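Examining the three-dimensional arrangement
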Amino acid sequence: MISTAIFGIQNSGVLAITALLTGVALVFLALWIAKMISPRSFNPQKGEAYECGIPTRGDSMAQFHIGYYLFAILFLMFDVETVFLFPWAVKMRELGVDGLLSIAVFFGVLVLGLVYAWRKGALEWK
Amino acid sequence: MTSGYIQAQFLDTTGVHTLLTETLHLAPWAAVTVECLLVGVGILLVYALLALFYIYYERKLCAAFQCRLGPNRVGPWGLLQSFADMFKMLIKEIIHLNHIDRFLFALAPYLVIIASVMAFAVLPWNDGVQIIDFNIGIFFLIAVSSIGVLGILLAGWSSNNKFTLIGSLRSGAQMVSYELSIGLSVITMVCLAGTMSVTGIVQEQSDLWFIFKGHVPALIAFVIYMIAGTAETNRGPFDLPEAESELTAGYHTEYSGMHFGFFYLAEYLNLFIVSGVASLLFLGGWQPLHIPSWDGFNMVMDYIPGFIWFLGKCFLLSYVIIWFKWTYPRLRIDQLLALEWKYLLPINLFNLVLMVLVIVFGLHF
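Computed from a prediction, not measured in an experiment: that's the story for all the values here.

Calculation notes
Residues numbered from 1 in each chain as written. Chains lettered and ligands numbered in written order. Predicted model: local features only at pLDDT ≥ 70, side-chain atom pairs only at ≥ 80, totals over all residues. Helix = DSSP H or I, 4+ residues; strand = E, 2+ residues; numbered from the N terminus. Rg over C-alpha atoms; globule rule 2.2 N^0.38 Å. Buried ≥ 20, exposed ≤ 12 C-beta atoms within 10 Å, placed from the backbone. Axes fitted to C-alpha atoms, helices over the stretch in contact; angles between N-to-C directions. Parallel < 35°, antiparallel > 145°, perpendicular 65-115°, else oblique. Left-handed = near helix turned anticlockwise from the far one by under 90°. Contact = placed C-beta atoms within 7 Å. Nonpolar A, V, L, I, M, F, W, Y, C, P; charged D, E, K, R; others polar. pLDDT = per-residue confidence, 0-100. Expected span 1.5 Å × (residues − 1). Core = buried A, V, L, I, M, F, W, Y, C linked by C-beta atoms within 7 Å.

Moving on, we get to the overall build of chain A. The secondary structure content of chain A amounts to 3 helices and 0 strands. When the helices and strands of chain A are placed in sequence order, the string is α-α-α. Since a compact globule built from 126 residues should have a radius of gyration of about 14 Å, the 25 Å found for chain A marks it as more spread out than a globular shape. With the C-alpha coordinates aligned to their principal axes, the bounding extent of chain A is approximately 70 × 55 × 15 Å. Among the 126 residues that make up chain A, the fraction classed as buried is 21%.

From N to C terminus, chain B includes 15 helices and 0 strands. Taking 21 Å as the expected radius of gyration for a compact globule of 365 residues, we find that chain B reaches 22 Å, a close match to that expectation. Referenced to the eigenvectors of the C-alpha coordinate spread, the extents of chain B come out at roughly 65 × 60 × 40 Å. By the burial criterion, 54% of the 365 residues in chain B qualify as buried.

A separate point is the packing of helix α6 (residues 147-158) of chain B against helix α7 (residues 162-193) of chain B. Residue and element names in this part refer to chain B. Their axes nearest at 7 Å, the elements α6 and α7 cross at an angle of 165°. The pairing of α6 with α7 is recorded here as roughly antiparallel in orientation. The hand of the α6/α7 crossing is left-handed. Along its contact with α6, which presents Val 149, Ile 152, Leu 153, Ala 155, Gly 156 and Trp 157, the element α7 presents Thr 164, Leu 165, Gly 167, Ser 168, Leu 169, Ser 171, Gly 172, Met 175 and Val 176. A per-class count over the contact of α6 with α7 returns 9 nonpolar, 6 polar and no charged.

Turning next to the interface of chain A and chain B. Taken residue by residue, the interface counts 57 residues in chain A and 78 residues in chain B. Looking at the side of chain A that touches chain B, the elements that each hand over two or more residues are α1 (12-37), α2 (66-90) and α3 (92-119) of chain A. At 20 residues, α1 of chain A tops the list of elements feeding residues into the side of chain A that touches chain B. For the side of chain A that touches chain B, a count of residues per class yields 40 nonpolar, 10 polar and 7 charged.

The next subject is the confidence of the model for chain A. Confidence in the prediction of chain A, expressed as mean pLDDT, is 80, and 92% of residues score 70 or more. For chain A, the element scoring lowest by mean pLDDT is α2 of chain A, at 84; α3 of chain A scores highest, at 87.

On to helix α2 (residues 28-65) of chain B, then. For α2 of chain B, which comprises 38 residues, the first-to-last C-alpha distance of 54 Å matches the rise-based estimate of 56 Å (1.5 Å per residue) to within 8%. Positive phi shows up at Cys 67 of chain B, right after α2 of chain B, with a value of about 60°.

Attention now moves to the packing of α7 of chain B against helix α10 (residues 215-232) of chain B. All names here are of chain B. At a minimum axis separation of 9 Å, α7 and α10 run at an interaxial angle of 150°. In terms of axis orientation, α7 runs roughly antiparallel to α10. The handedness of the crossing between α7 and α10 comes out as left-handed. In this structure, α7 uses Gln 174, Met 175, Tyr 178, Glu 179, Ser 181, Ile 182, Ser 185, Thr 188, Met 189 and Leu 192 to contact α10, whose residues at the interface are Pro 217, Ala 218, Ala 221, Ile 224, Tyr 225, Ala 228, Gly 229, Ala 231 and Glu 232. Classifying every residue of the contact of α7 with α10 by side-chain character gives 12 nonpolar, 5 polar and 2 charged.

Ranked by internal contacts, the top residues of the largest apolar core, which has 129 residues, are Val 117 and Val 190 of chain B. Take this core: its biggest share by element is 18 residues, from α7 of chain B. Look past the residues within four positions of Val 117 of chain B in its chain and what remains in contact with it is Ala 19, Thr 22, Gly 23 and Leu 26 of chain A together with Ile 43 and Tyr 47 of chain B.

A few words now on unusual backbone geometry. All names here are of chain B. For Cys 67, which is not a glycine, the phi torsion comes out positive at approximately 60°. The exposed category is assigned to Cys 67, around which 6 C-beta atoms lie within 10 Å. Phi at Asn 160 takes a positive value of approximately 55°, unusual for a residue other than glycine. Inspection of the secondary structure puts Asn 160 in the loop between α6 and α7.

Right, let's get into the environment of Phe 324 of chain B. All names here are of chain B. Within the fold, Phe 324 resides in helix α14 (residues 306-325). As for Phe 324 and Gly 236, which are separated by 88 residues in sequence, their C-alpha atoms are 5.5 Å apart. When sequence neighbours within four positions are dropped, the list of residues in contact with Phe 324 reads Thr 230, Gly 236 and Pro 237.

What follows concerns the confidence of the model for chain B. Here chain B shows a mean pLDDT of 83. Residues at 70 or above account for 94%. Of the regions scoring below 50 in pLDDT, residues 1-10 of chain B engages in 20 contacts with residues more than four places distant in sequence or in other chains.

Mapped onto the elements, Val 176 of chain B comes out in helix α7. Spatially, the C-alpha atoms of Val 176 of chain B and Ile 322 of chain B are 22 Å apart, while their sequence positions differ by 146 residues. Discounting residues that sit within four places of it in the chain, Val 176 of chain B has contacts with Ala 72 and Phe 75 of chain A together with Val 149 of chain B.

Below you can see the structure in the form of structure tokens.
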């Protein structure tokens, strides 16, 4: 494999942090420029929520449909389990039959979880 | 690597380091800082130019699908239209709202942009033309691109508006669900590649692209990836987080001027990232089209530079995703979740088993 050092930077972690700071800098600089050159006017109406013209009733940070919460929980379960599949996927050929058998058990539990959630009606949007 | 078609490295940048340390006598830390700055400026330029190009690309394509001309006044063939749009966005007032959670409201665009810039930096444009090259590259890419969901949820929640709240919740449920499909189809391809390094995955495809190499499961994974990728970018038939007829503009309703511009930029860049990942996983990234034992054909294909292959594949896949958008009607939230959890996820799990069988019995090419 070809070494892909950029300039003299050998460590990809440094480059990852550079990319992160680039993102921060992009937002910060663009907002700063926009604040510098954009016009400003003051009107009490402008600070209101953009809903339908009349003042908003009540707080909008309110309760919401329970279904979203349910899918978030399901996602958490599956996502954590797919994270465990990644290392096995890389080393699949080296681990051989032992690896296959153990991942089959793990995979079986994963599928059972999905079947359980399905039978319980967790996948229905009510 | 058994590849017979290794291309010359496109960019050799170690000369800059020698220049900084030996000719200018900078300390190593100072040299690295200057180099990091250069990298950052490079990312910014390419990122912004690509986003502007994508805005133009989508507007032209959308016009073509609707039998219109699209932007054609600003510059030749309307090429400067998106520059004009961005400049307009920059000089618009950023409105200060009364009832918002100020800290989270300001934080949300940062998260969205950071997610897309970091994912963007992982994509390989050519042999060695890549910013972040971890040995867990593709995993890192999935991890950082999921930060974007947080930004969208925060944007909707902190705006203190009913439309944005509903929009961000829909978006959260959708992106989180379809992330599973993306993760599983990536695992399927990682099984075939045997590595998570982005460079490694692309190198593995030097003789034949994975979509051809991987038999049926690679094809299924590709289709699932494209569907899930469309949903990840909140586009096409899956754009109900910003369903303009019911939620005004979804989670970014309350953002104005350049603040809104960041969501806009990130959305188009995510389109590029999704097509980029699809092209590197399935269509060989910057590898030219090679067919085993067609040596003359392979040599002709080698003359086309790698970044043209990569960008060509990206634009082609983006074309398909834009095509989805202008072809299918918008889904309802229950249909959307049923599609993921009752169809794509079981098919994907089955597909992973199929891929393992294909590899174990050596059925791939």
